[in-house]
Amino acid sequence: MAAATTTTPNSLLLHRRAANPSPSAAASPLLLPTRAARISCTAVATPTPSSPSSLSAAGDRGVYNFAAGPATLPLSVLQKAQAELVDYRGSGMSIMEMSHRGKEFDAAIKKAESDLRALLAVPDTHEVLFLQGGATTQFAAVPLNLCADPSVPADFVVSGSWSDKAFKEAKKFSAAAVAWSGKEGKYTALPRFDDIKQNPEARFLHICSNETIHGVEYKDYPEPKNKSGILVADMSSNFCSKPVDVSRFGVIYAGAQKNVGPSGVTIAIVRKDLVGDAQPITPVMLDYKTHADNASLYNTPPCFAIYICGLVFEDLLAQGGLAEVEKKNAHKAGILYDTIDASGGYYICPVEKSVRSLMNVPFTLAKGGDFEKQFIAEATKEGMVQLKGHRSVGGVRASIYNAMPLAGVEKLVAFMKDFQARNP
Ligand code: PMP
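As annotated in an unreviewed UniProt entry, the protein chain carries the name Phosphoserine aminotransferase and comes from Leersia perrieri. Turning to the protein chain, the UniProt annotation filed under Sequence similarities (unreviewed entry) states: "Belongs to the class-V pyridoxal-phosphate-dependent aminotransferase family. SerC subfamily." UniProt's Cofactor (unreviewed entry) comment on the protein chain is quoted here verbatim: "pyridoxal 5'-phosphate".

*Asks:* How do you make sense of helix H8 (residues 161-170) when you look at a structure like this?
*Replies:* Quick reminder: α-helices carry 3.6 residues per turn. Residues three or four places apart thus point the same way. For H8, the full list of buried residues reads Ser161, Ser163, Asp164, Ala166, Phe167 and Ala170. In this structure, the buried side of H8 is in contact with helix H7 (134-146), strand S3 (153-158), strand S4 (175-181), strand S5 (205-208), strand S6 (210-211) and strand S9 (251-255).

*Asks:* Would you mind going over the site of the ligand with me for this structure?
*Replies:* Thr136, Thr212, Asp234, Gln257 and Lys258 are the nearest of the 13 residues found near the ligand. With respect to the ligand, the side chain of Asp234 contributes an N or O atom lying 2.6 Å from a nitrogen atom. Between a nitrogen atom of the ligand and a side-chain N or O atom of Lys258, the distance comes to 2.9 Å. Its free accessible area being 400 Å², the ligand has 85% of it covered by the protein chains. Across the shell around the ligand, the residue classes break down as four nonpolar, seven polar and two charged.

*Asks:* What exactly am I supposed to notice about H7 here?
*Replies:* A rise of 1.5 Å per residue sets the reference length of H7, with its 13 residues, at 18 Å; its end C-alpha atoms lie 19 Å apart and thus fit the reference within 8%. Ala140 marks where H7 bends most, by close to 30°; the proline Pro143 follows one to four residues later. With 10 of 13 residues buried, H7 is to be regarded as a mostly interior element. Buried within H7 we find Ala135, Gln138, Phe139, Ala140, Ala141, Val142, Pro143, Leu144, Asn145 and Leu146. Packing partners of the buried residues in H7 comprise strand S2 (126-131), H8, strand S8 (231-234), S9, strand S10 (266-271) and helix H9 (288-293).

*Asks:* Got a minute to help me understand the packing of helix H6 (residues 103-120) against helix H10 (residues 303-318) in this structure?
*Replies:* In a pair of packed helices, the angle between the axes and the distance between the axes together describe the arrangement. At a closest axis distance of 9 Å, the pairing of H6 and H10 adopts a crossing angle of 40°. Here H6 lies oblique to H10, going by the angle between them. Crossing angle aside, the handedness with which H6 passes H10 is left-handed. Facing H6, whose interface residues are Phe105, Ile109, Lys111, Ala112, Asp115, Leu116, Ala118 and Leu119, H10 presents Cys303, Ile306, Gly310, Phe313, Glu314, Leu316 and Leu317. Per-class residue counts for the contact of H6 with H10 are 11 nonpolar, one polar and three charged.

*Asks:* Even after reading the chapter, I still don't get the sheet that holds strand S11 (residues 347-348), so can you show me in this structure?
*Replies:* Backbone hydrogen bonds are what pair the strands of a sheet, in a parallel or an antiparallel way. What the three strands build is an open sheet, ordered S11-S12-S14; its pairing is antiparallel. The sheet is open, and its two borders are formed by S11 and strand S14 (396-399), each paired with just one other strand. Relative to strand S12 (residues 360-365), S11 is paired through two bridges, and the arrangement is antiparallel. Bridging from a neighbouring strand, Tyr347 pairs with Leu365 of S12.

Rules of the game
- Residues numbered from 1 in each chain as written.
- Predicted model: local features only at pLDDT ≥ 70, side-chain atom pairs only at ≥ 80, totals over all residues.
- Heavy atoms only, no water.
- UniProt positions renumbered as here; feature names shortened; annotations may be inferred.
- Buried < 20%, exposed > 50% of the residue type's maximum accessible area, 1.4 Å probe, protein only.
- Helix = DSSP H or I, 4+ residues; strand = E, 2+ residues; numbered from the N terminus.
- Contact = heavy atoms within 4.5 Å.
- Near = heavy atom within 4 Å.
- Polar contact = N/O pair within 3.5 Å; in protein donor to acceptor, adjacent residues only side chain to side chain.
- Areas by Shrake-Rupley, 256 points an atom, 1.4 Å probe, with all protein chains shown as cover.
- Nonpolar A, V, L, I, M, F, W, Y, C, P; charged D, E, K, R; others polar.
- Expected span 1.5 Å × (residues − 1).
- Bend = angle between axes of the 7 residues up to and from the residue.
- Axes fitted to C-alpha atoms, helices over the stretch in contact; angles between N-to-C directions.
- Parallel < 35°, antiparallel > 145°, perpendicular 65-115°, else oblique.
- Left-handed = near helix turned anticlockwise from the far one by under 90°.
- Pairing = 2+ DSSP bridges.

Printed below as a string of structure tokens:
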């Protein structure tokens with residue numbers, strides 16, 4: 001097994017199988033004989049991951065991944081996770097295998113929280129919670145925690161599919177009302193803030209800061225006119241893509257799987273005075289107090305997902321923080337929108353320019369659906385994958401989150417120009 005010490009954990013699996021050619025192992029690649037696992041233990045304890053220098057950019061993985069989420073993660077983060085996967089920092093265990101109440105995970109979650117606090121300058125007035133159930137669960141958790149009972153009004157700006165879903169779910173637990181809707185305009189714009197018909201009696205005003213499907217993003221936020229001054233934002237698809245003044249929000253929530261980690265963990269940042277008044281029917285897992293009182297460790301949390309988020313936060317801090325990250329995101333989005341706008345109507349982005357998303361860039365081809373299919377198929381062959389628009393709107397969508405390298409966007413715009421030249 002000498003060779004095993006110089007291989008990646010993946011190729012180790014092959015070695016184990018080769019060393020134990022039992023019929024069951026051959027038939028089922030997932031079933032490894034237990035004895036073989038013991039034999040390769042030494043090698044596993046000292047994994048030699050591919051060195052970071054051998055894979056310097058996401059493109060070196062063979063593709064640029066434009067998926068809307070789960071989405072591309074920084075290669076350096078994946079490599080660090082790979083290096084620590086089998087033996088987490090000398091513990092002899094993976095972080096997936098150890099108690100969430102042990103010292104290793106305790107340190108990991110605390111570091112993740114403090115790095116996130118540093119990144120977003122989260123004030124002491126706000127809790128940071130690591131939750132489960134996706135942002136979709138927050139659609140119910142928000143009214144359950146903020147409204148004393150289902151008769152309490154709440155205002156929703158419906159600017160796309162996600163805020164529409166949030167509104168519909170909130171109707172079950174509050175007297176939710178639409179304060180502005182972009183439906184007639186096919187969700188290509190945001191309201192002038194004066195046009196939001198806010199109910200002064202509403203308990204909160206809810207917005208989706210970036211509509212992942214429609215590509216509409218707030219550049220500033222409306223002032224809540226309700227008495228408690230509560231603005232709630234679903235930031236799932238632009239979380240940690242730029243600085244945000246957290247003090248303006250009562251609740252920010254975000255599924256991790258776009259900008260900050262894998263799916264499985266949802267982050268909520270909740271003003272402390274809003275914790276502890278949940279409706280009596282609120283399930284214990286949806287009550288912010290449960291998680292605030294227990295430092296997000298009431299039950300078994302999604303340990304691995306939280307750990308990866310922690311690595312991403314470290315990476316974002318190392319890049320110079322969110323102001324730097326925003327500059328990179330603006331540059332990437334800029335060259336893509338410029339290409340669309342300079343195409344003479346060949347490519348069309350329907351979103352009003354002032355609210356175009358830096359994260360999700362939807363566009364169509366004026367030549368129609370068949371050309372869009374051809375565009376996506378050819379791009380895929382060129383290693384630019386997951387460009388298909390959401391099934392509800394069609395077209396093309398390039399999601400260019402923090403971890404999408406500039407080279408990926410440059411490759412896409414070069415391809416777009418070439419495609420146009422070849423298919424005038
Ligand atoms: N809100 C937004 C803005 C989203 O993009 C998504 C997922 N794409 C959701 C909510 C739902 O998130 P989850 O799948 O984590 O429940």
